Amino acid sequence: MRLLAYFASTFFVTWSLWLLASRLAAPGNTGFFGGQGPVFLLGVFAPAIVALAFTARAEGRVGVAQLLARIGHWRVSARWYVFAIVYFAVIKLSAAVVHRLLTGEWPLFGTTPAVILLLGIAFSTLAQAGEEVGWRGYALPRLSAYLGLGGASLALGVVWAAWHIPLFVLPDSGSTGQSFLVYLLHVMALSVAVAYLYWKTDGSLLLVMLLHSAVNNTTGIVPTAVGGTIAPVAFGGSLVAWATVAISWVVAVPLLFQMRKADISAMRTPASR
């Protein structure tokens, strides 16, 4: 019940702030309430804020400190840093190859220099704590106690994707006019990869934040958005989008197989390792 209350509270806080920002934003989705304004961004940080509030109520300051300490868990094998940084870039480039094989033409590639992408990943990693302290730090270990790590990663993927629903209907959000169903399939596969990384790094929030940042910053390597408007509940999408989904699941399935007997219930706090 506490986990359901956490999800419900997070959705309520985030969606309320996003809807408020959308209604009060200046023309062009700018200003204090705009898409990059503090009111909207507060909604982005709601998963962590609510998780810290729930942890403080149940475990006090010690529990909060232990949860946040996972952000500083950086001493992991270098291969997991590589995995976090290149995971999505490799998937997007593989989708471009699929597009080439099926159509005989390369898709449109982004023009952002690689050094800028890497700097973007580095500078935005800490910002991902706004989601990952909640999704992976608080929710995933508790959900895995009921569903196992693989099942929890899939269920959390649905929750994680659903949390973004307003962005598919609010104007000028960046996801307006795109298919939520395609997005849902992709996020579920991504959630498996994030859970796998969390498991393999002994509960490092820093590494999953790095992966989250890398996904956000490399999605434009091969753009997937389609022109025009698609109903959020339609299965519309570009060939690159569908190839990205398919390849993401090709990666996710063997990871799920490996996670069959994984147990991360002891990763709720660093002290319990």
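Refer to the structure presented above.
Calculation criteria
- Residues numbered from 1 in each chain as written.
- Predicted model: local features only at pLDDT ≥ 70, side-chain atom pairs only at ≥ 80, totals over all residues.
- Heavy atoms only, no water.
- Helix = DSSP H or I, 4+ residues; strand = E, 2+ residues; numbered from the N terminus.
- Buried < 20%, exposed > 50% of the residue type's maximum accessible area, 1.4 Å probe, protein only.
- Contact = heavy atoms within 4.5 Å.
- Areas by Shrake-Rupley, 256 points an atom, 1.4 Å probe, with all protein chains shown as cover.
- Phe/Tyr/Trp six-rings, centres within 6.5 Å; stacked < 30°, edge-to-face > 60°.
- Lys NZ or Arg CZ within 6 Å of the ring centre and 35° of its normal.
- Patch = residues over 30% accessible without salt bridge, like charges linked within 9 Å, V, L, I, M, F, W, Y side chains within 5 Å.
- Salt bridge = Lys/Arg side-chain N within 4 Å of Asp/Glu carboxyl O.
- Core = buried A, V, L, I, M, F, W, Y, C linked by side-chain atoms within 4.5 Å.
- Axes fitted to C-alpha atoms, helices over the stretch in contact; angles between N-to-C directions.
- Parallel < 35°, antiparallel > 145°, perpendicular 65-115°, else oblique.
- Nonpolar A, V, L, I, M, F, W, Y, C, P; charged D, E, K, R; others polar.

Overview of the overall build of the chain
Phase 1 of the analysis: Summing up its helical and strand segments, the chain has nine helices and zero strands in all.
Phase 2 of the analysis: The order of helices and strands in the chain, counted from the N terminus, is α-α-α-α-α-α-α-α-α.
Phase 3 of the analysis: Relative to its 273 residues, the chain shows a buried fraction of 48%.
Phase 4 of the analysis: Contacts spanning at least 24 positions in sequence make up 79% of the contacts within the chain whose residues lie at least 6 apart.
Phase 5 of the analysis: Element-wise, carbon and sulfur atoms account for 69% of the exposed surface of the chain, whose accessible area totals about 12,900 Å².

Brief notes about the environment of Val-182
Phase 1 of the analysis: Assignment of secondary structure puts Val-182 in helix α7 (residues 180-200).
Phase 2 of the analysis: In sequence terms Val-182 and Gly-236 are 54 residues apart; their C-alpha atoms lie 7.4 Å from each other.

Digging into the side chain of Ser-213
Phase 1 of the analysis: Checked against the element boundaries, Ser-213 lands in helix α8 (residues 205-218).
Phase 2 of the analysis: Each residue touching Ser-213, except ones within four places of it in the same chain, is listed here: Gly-120, Ile-121, Ser-124, Thr-125 and Gln-128.

Remarks on the packing of aromatic side chains
Phase 1 of the analysis: Enumeration over the complete set of coordinates arrives at 19 aromatic pairs.
Phase 2 of the analysis: Here the aromatic rings of Trp-80 and Tyr-196 are separated by 5.9 Å at their centres, their planes lie at 70°, and the arrangement is edge-to-face. With Trp-80 in helix α4 (residues 78-103) and Tyr-196 in helix α7, the pair connects residues that are 116 residues apart, well separated along the chain.
Phase 3 of the analysis: Assessed through its relative accessible area of 9%, Trp-80 is described here as buried.
Phase 4 of the analysis: On the basis of relative accessibility, which here comes to 7%, the residue Tyr-196 falls in the buried class.
Phase 5 of the analysis: Site record: aromatic cluster; members linked through ring pairs are Tyr-6, Phe-7, Trp-18, Phe-40, Phe-54, Trp-135, Tyr-138 and Trp-163.
Phase 6 of the analysis: The positively charged end of Arg-142 is found above the aromatic ring belonging to Tyr-138, 4.0 Å away from the centroid.

Regarding unusual backbone geometry
Phase 1 of the analysis: One non-glycine residue, Asp-202, lies in positive phi territory at about 55°.
Phase 2 of the analysis: On the basis of relative accessible area, Asp-202 is assigned to the partly exposed category, the value being 30%.

Points about a nonpolar patch on the surface
Phase 1 of the analysis: On the surface, Leu-93, Val-97, Leu-101, Leu-102, Trp-106, Phe-109 and Leu-239 cluster together into a nonpolar patch covering about 690 Å² of accessible area.
Phase 2 of the analysis: In terms of residue count, the dominant contributor to the nonpolar patch is α4 (four residues).
Phase 3 of the analysis: By the element assignment, Leu-102 lies in helix α4.

Describing the nonpolar core
Where a protein is soluble and globular, its nonpolar side chains tend to be buried together.
Phase 1 of the analysis: Among the nonpolar cores identified, the biggest contains 78 residues, and Tyr-6, Trp-135 and Met-259 are the most heavily contacted of them.
Phase 2 of the analysis: Looking at this core element by element, the count peaks at 15 residues for helix α6 (residues 129-163).
Phase 3 of the analysis: Non-local contacts of Met-259, meaning those with residues more than four positions away in its chain, are made with Leu-149, Gly-150, Ser-153, Val-192, Ala-195, Tyr-196 and Trp-199.

Looking at the packing of helix α3 (residues 46-69) against α6
Packed helices, taken two at a time, are described by their axes: the angle between them and the distance between them.
Phase 1 of the analysis: Taken N-terminus to C-terminus, the directions of α3 and α6 make an angle of 75°; their axes are 7 Å apart at the nearest point. Comparing the axis directions of α3 and α6 gives the class roughly perpendicular. Facing Ala-46, Pro-47, Ala-48, Ala-51, Leu-52, Phe-54, Thr-55, Glu-59, Leu-67 and Leu-68 of α3, the residues of α6 in contact are Ala-129, Gly-130, Glu-131, Val-133, Gly-134, Trp-135, Gly-137, Tyr-138, Arg-142 and Trp-163.
Phase 2 of the analysis: Class assignment for the residues of the contact of α3 with α6 results in 13 nonpolar, four polar and three charged.

Any functional reading would require information that these geometric values do not contain.
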